[in-house]
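The residues making up each chain are set out below.
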Amino acid sequence: MLNQSAAQPIEPPEGSTAVGTGKGGVGKSTVAAHLAGESAAAGHRTLLICVTGQDDDDLGIKRYGHGVHPQGPSAIDGEGLYRAIHDRVPLQPIREVRPNLDVLPGGPRVADISNILMLRMMQEGPAVVLSLAQSLAPIAPLYDRVIFDSAPESDPLEQLVLASARTLIVPTRSDESSINGMERISKNFKVVKSQANPYLQMAGAFLYGSNRSATLMHAAVRKDIRRVLGEGTPILQTIVGYREVPARNARKKGLLFSEYADLLPTSATSYDVKAGRATEADVVPETIIPLSKEMRELTNEIFDYCGRAA
Ligand SMILES: Nc1ncnc2c1ncn2[C@@H]1O[C@H](COP(=O)(O)OP(=O)(O)OP(=O)(O)O)[C@@H](O)[C@H]1O
Ligand SMILES: [Mg+2]
């Protein structure tokens, strides 16, 4: 989307952070939802914008009807985001999905935003990359923090997010294709910073969903991250372990890890399942406790790094 001439910049909101990398399935949406949820729970007015074609519904907006929807056409499935960009109007989020937390959910309609941008690009040039920043600007003063979830493998959507945020935080897994996936975000970071959003800063990168005791491997991954993103890239300490069962269950229930952990004391047990009084789905696994704790450590560290970078 961006090439030669520069666009007139729009200063992104203070406290705005994009979670992004060029590889799918590394934990972007999980981390973005938890950053937003933890920020709101700490009393900050927070907006989560999911520029993703897939709606993982980590917050239970669609499945459990959380939040107050704007009047008029639907805002779910990426429709709200699409309409704001298409009609060039301010974003209208779903309000109070949790106390202090408003959300613009992603979904299939987000994929069509790329088409609008491509068409407008011919007439309007590189300024189209600021389309989201323009729709965000009128409501940004309502929030202390804005978190963006981003789509992998789509340069136009990734650039749209990077043009709207002040900091970027990059999750990765340890495998080679996740490491290589960071090259895409690195390229988009540089092009957006030089041509549309000079305020954009790299807050850092982190390894997500990994065996916490594999320290030698972690050292090798840190080297790989710096090779791809640059030697000076800050790398976070916290590593959230790979804990598939609680992560999967929490998402299915539309609960953040800490919210799911709160259900543990009253959870059914495997004895209840054997006795036919409950199903597997009713059992909250004990591993939600370390997962929730690690995620809280990670989100605190991310906010810390973002604060320093901005
Ligand atoms: N700590 C964890 N351990 C194991 N699995 C996890 C963990 N956290 C999240 N997951 C699961 O990993 C999968 C990918 O996570 P997520 O959707 O957050 O990644 P993503 O980068 O947003 O993916 P996409 O690129 O498809 O948008 C999901 O099924 C999620 O429930
Ligand atoms: Mg995602």
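Scroll up to find the structure.
Quick caveat, the model's predicted, so the values are computed rather than measured.

A tally of helices and strands in the chain yields 12 helices and seven strands. A compact globule built from 310 residues should have a C-alpha radius of gyration of about 19 Å, and the chain, at 19 Å, falls within 12% of that. Considered along the principal axes of its C-alpha atoms, the chain spans approximately 65 × 50 × 30 Å. Buried positions account for 55% of the 310 residues belonging to the chain. Within the chain, counting contacts between residues at least 6 apart in sequence, those at least 24 apart form 80% of the total. Just so you have it, the chain exposes about 13500 Å², and 52% of that area is on carbon and sulfur atoms.

In this section: the packing of helix α6 (residues 155-162) against helix α7 (residues 176-195). In contact at an axis separation of 10 Å, α6 and α7 are set at 50° when each is read in the N-to-C sense. With respect to each other, α6 and α7 are oriented oblique. For the element pair α6 and α7, the recorded crossing hand is right-handed. Residues Asp155, Glu158, Gln159 and Leu162 of α6 touch α7, and the partners they reach there are Arg184, Ile185, Lys187, Asn188, Phe189, Val191 and Val192. Looking at the contact of α6 with α7 residue by residue, the class counts come to five nonpolar, two polar and four charged.

Here the focus is the site of ligand 1. In the region of ligand 1, 20 residues are neighbours, and Lys28, Ser29, Thr30, Tyr208 and Arg243 sit closest. With respect to ligand 1, the backbone of Gly25 contributes an N or O atom lying 2.9 Å from an oxygen atom. Between Gly27 and ligand 1, the recorded distance is 3.0 Å, taken from a backbone N or O atom to an oxygen atom. When ligand 1 sits alone it has 630 Å² of accessible area, and the protein chains cover 84% of it. Taken together, the residues of the shell around ligand 1 break down into seven nonpolar, seven polar and six charged.

All right, on to the pairing of strand β1 (residues 16-19) then. Regular strands show a simple pattern: their side chains alternate between the two faces of the sheet. Because side chains alternate across β1, one face comprises the buried residues Ser16 and Ala18, and the other comprises Thr17 and Val19, equally buried. Pairing of β1 with strand β5 (residues 145-150), which is carried by four bridges, proceeds in the parallel orientation. Opposite Val19, over in β5, you have Asp149 as the bridge partner.

A separate point is helix α3 (residues 79-87). Within α3, burial applies to Gly80, Leu81, Tyr82, Ala84 and Ile85. Looking at the buried side of α3, the elements it contacts are β2 (46-51), β4 (101-104), α4 (111-124), α5 (131-136) and α6. Positive phi appears at Arg88, one or two residues downstream of α3, with a value of about 55°.

In this section: the pairing of strand β7 (residues 201-207). Burial analysis of β7 places six of its seven residues in the buried class, the great majority of the element. In the sheet, strand β6 (residues 167-172) pairs with β7 via six bridges, with the strands oriented parallel. Each bridged residue has a counterpart across the sheet, and for Val170 the counterpart in β7 is Ala205.

Let us now look at helix α12 (residues 288-309). Spanning 22 residues, α12 covers 31 Å between terminal C-alpha atoms, matching the ideal 32 Å at 1.5 Å per step. Every buried residue belonging to α12 is among Ile288, Leu291, Ser292, Glu294, Met295, Leu298, Thr299, Glu301, Ile302, Phe303, Tyr305 and Cys306, and all of these are buried.

Note that Tyr64 resides in helix α2 (residues 61-64). Residue classification places Tyr64 among the partly exposed positions, given a relative accessible area of 45%. Between the alpha carbons of Tyr64 and Lys253 there is a distance of 8.4 Å; along the sequence they are 189 residues apart. When neighbours within four sequence positions are excluded, Tyr64 is seen to be in contact with Lys252, Lys253 and Gly254.

The residue Arg166 is located in the loop between α6 and β6 in this model. Once residues within four sequence positions are removed from consideration, Arg166 is found in contact with Glu11, Pro12, Pro13, Glu14, Ser16, Tyr199, Leu200, Gln201 and Ala310.

Conventions and cut-offs
Residue numbers run consecutively from 1 along every chain, following the written order of its sequence. Working convention: letters from A go to chains and numbers from 1 go to ligands, in the order in which they are written. Reporting of local features is limited, given that this is a predicted model, to residues whose pLDDT is at least 70; pairs of side-chain atoms are given and counted only at 80 or more, and all residues count toward the totals for whole chains, interfaces and linings. To get the side-chain values, take all heavy atoms of the structure and skip hydrogens and water. Helical segments are the DSSP runs of H or I of at least four residues, strand segments are the runs of E of at least two, and each set is numbered from the N terminus. Taken over C-alpha atoms, the radius of gyration is set against a globule rule of 2.2 Å times the number of residues to the power 0.38. Here the term buried applies to any residue with accessible area under 20% of the maximum for its type, exposed to any over 50%, and partly exposed to those in between, with areas from a 1.4 Å probe on protein chains only. The contact criterion used is simple: two residues touch if any of their non-hydrogen atoms lie within 4.5 Å. Surface accessibility follows the Shrake-Rupley procedure with a 1.4 Å probe radius. Residue values consider only the protein chains on display as shielding. Only C-alpha atoms enter the line fits that serve as axes; for helices the fit covers just the stretch in contact. Angles between N-to-C directions range over 0 to 180 degrees. Note on terminology: angles under 35 degrees are roughly parallel, angles over 145 are roughly antiparallel, angles of 65 to 115 are roughly perpendicular, and the others are oblique. Crossing chirality is assigned from the near helix's rotation relative to the far helix, an anticlockwise turn below a right angle marking it left-handed and a clockwise turn marking it right-handed. Residue type decides the class: Asp, Glu, Lys and Arg count as charged, Ala, Val, Leu, Ile, Met, Phe, Trp, Tyr, Cys and Pro as nonpolar, and the leftover types, Gly among them, as polar. Only heavy atoms are used to decide nearness, and a residue is near a molecule or strand if one of them lies within 4 Å of it. Any pair of N or O atoms that falls within 3.5 Å is considered a polar contact. Within protein, one atom must be able to donate a hydrogen and the other to accept it, and sequence-neighbouring residues count only if both atoms are side-chain atoms. Each pair of strands is called paired provided DSSP finds at least two bridges between the two strands. Here a helix's expected span is defined as the number of its residues, less one, multiplied by 1.5 Å.

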